Amino acid sequence: MDAVMSMVGEIPDIPKAFTVLAEWLACVVYLAACTRRPPQGRQYAVLAGGLALLLAVQCAIGVVPLWLWIPGMLVALAVMYEIIRLYRPTNRATGAYWLMRAFVLAEFVAAIEWQLFVFVERSYDVPRSDWFSVLVLVMVYAVLFAAAFALELRHDDDALTVTARELVTPAIITVASFTLSNLSYVATDTPFSSPLATEAFNIRTLVCLGGVAFLYAYHVQLSESHARAELDAIRNVLNMQYAQYQQSKESIAIINHKYHDLKHQIAVLRAERDPAVREAHLDDIEQGIKEYEARFKTGNSVLDTVLTGKSLICVKDGIELTCVADGRLLDGVSVMDVCTIFGNALDNAIEYERTIEDAEQRLIHVTVSKLNGFAVIRVENWLKPEDRRAGGPSSATLPATTKRDKRYHGFGLKSIRHCAQQYGGEMAVDRRDGWFELTVLIPLKRNER
């Protein structure tokens, strides 16, 4: 590293102990902001062990040849990553997200502290001493890390879970920030570096500041996006609960109506003396009861419940609902997602079939089958002649809602697609041979294949 330092002048590089402390404190700040509770015994051990490992790695980086500098930094990043993951277990993407934010913050704090120290020391001819450098270190680190902690407390990050897709933007910001801020220490003959020590330090500090600002702005946007998604999920649950209430209300009304009919039929049976006529009446009662029994046995209790509830509505509206389904293929799908996919699909189909005047043409068919490593869910409903135009909507273009208030409807198919995409699947809709087809593909796990 001595050759690198000579490129940027006579200003000494940041002491490795200062860099270690900045990296460690950055991890502590974000972990404290996320958990918001005092560390336990094991967490103290993680922090202490992480600090010792970081110090050993940074000391090694200071004496190795220049070509080993980047691998050494990667080892330091790995140590910071393990501190975060062991202190607060989370998924890999979330751990990497907090690692990036902690690393860029540490780079900025260490750079500005050392730049301020060197500026004061040279501008005011302050004799070089360890106590003065430690004093500046304590003051600058305390102010900046306290400010970072205060900013993080404005967001509730305890339940924040980052996906791999959401990790792309912070990764680009982190790599760009680190590369541009340290470019002058590797090559001075580029448009983004300088051979002058003062300019090199200015570039390093300002670029790191920009990285911190960009990452914080992205974090604000990410937190708001997750909050909106959580609110939408809560609203979805409430809507589903209300839909279940309406379905239960309708089911009770159907059963009460059937109970009322049975009372009259039983009264007729008691008065009937002819055994043949009585037997015919009993056959009619038995046939009527069969229409309301839970006749769907797919192998998935959640799917059976959804289909049975919807079948009661279909009976009331004169819609014929048929089903051929292997419900065991949906064992890897959550209860909420099964309800969302089939509930929304059948609600849309039932709503459309009610508009068909001829009761014999009110048809809905549900299938769940296996094809090429996918669970194939297909919900089909019969179309009116005027709605059978060719070239129906594809998976990229969802049909618009037909309900009058479009602000609060039309999300059923979007919810189904979202559920499928959570498992790496997809949804498609089409019109074919007089039927509207909604198809959902969900990849099967290896053992299910």
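Residues numbered from 1 in each chain as written. Predicted model: local features only at pLDDT ≥ 70, side-chain atom pairs only at ≥ 80, totals over all residues. Heavy atoms only, no water.

(A) Main features of the overall build of the protein. Of regular secondary structure, the protein possesses twelve helices and five strands. Counting across all 449 residues of the protein, residues that qualify as buried make up 41%. Sequence-distant contacts in the protein: of pairs separated by 6 or more residues, those separated by 24 or more amount to 73%. For the protein, the computed accessible surface area is about 24800 Å², with 61% contributed by carbon and sulfur atoms. (Helix = DSSP H or I, 4+ residues; strand = E, 2+ residues; numbered from the N terminus. Buried < 20%, exposed > 50% of the residue type's maximum accessible area, 1.4 Å probe, protein only. Contact = heavy atoms within 4.5 Å. Areas by Shrake-Rupley, 256 points an atom, 1.4 Å probe, with all protein chains shown as cover.)

(B) Quick peek at helix α5 (residues 92-123). The first and last C-alpha atoms of α5 sit 46 Å apart over 32 residues, in line with the 46 Å expected at 1.5 Å per residue. Burial of α5 is extensive: 24 of the 32 residues sit out of reach of the surface. At the C-terminal side of α5, Asp-125 shows a positive phi close to 50°. (Expected span 1.5 Å × (residues − 1).)

(C) A look at the state of the cysteines. As enumerated under the stated definition, the model contains zero disulfides in all. With no disulfide partner, Cys-339 has as its closest neighbouring cysteine sulfur the one in Cys-419, 10.0 Å distant. (Disulfide = S-S within 2.5 Å.)

(D) Inspection of the pattern of salt bridges at higher detail. Applying the stated criterion across every chain yields a total of seven salt bridges. As a salt-bridge pair, Lys-310 and Asp-347 come within 2.6 Å of each other at their nearest N and O atoms. Taken as a pair, Lys-310 in helix α10 (residues 301-317) and Asp-347 in helix α11 (residues 335-353) lie far apart in primary sequence, 37 residues in all. For Asp-347, a relative accessible area of 31% corresponds to the partly exposed category. (Salt bridge = Lys/Arg side-chain N within 4 Å of Asp/Glu carboxyl O.)

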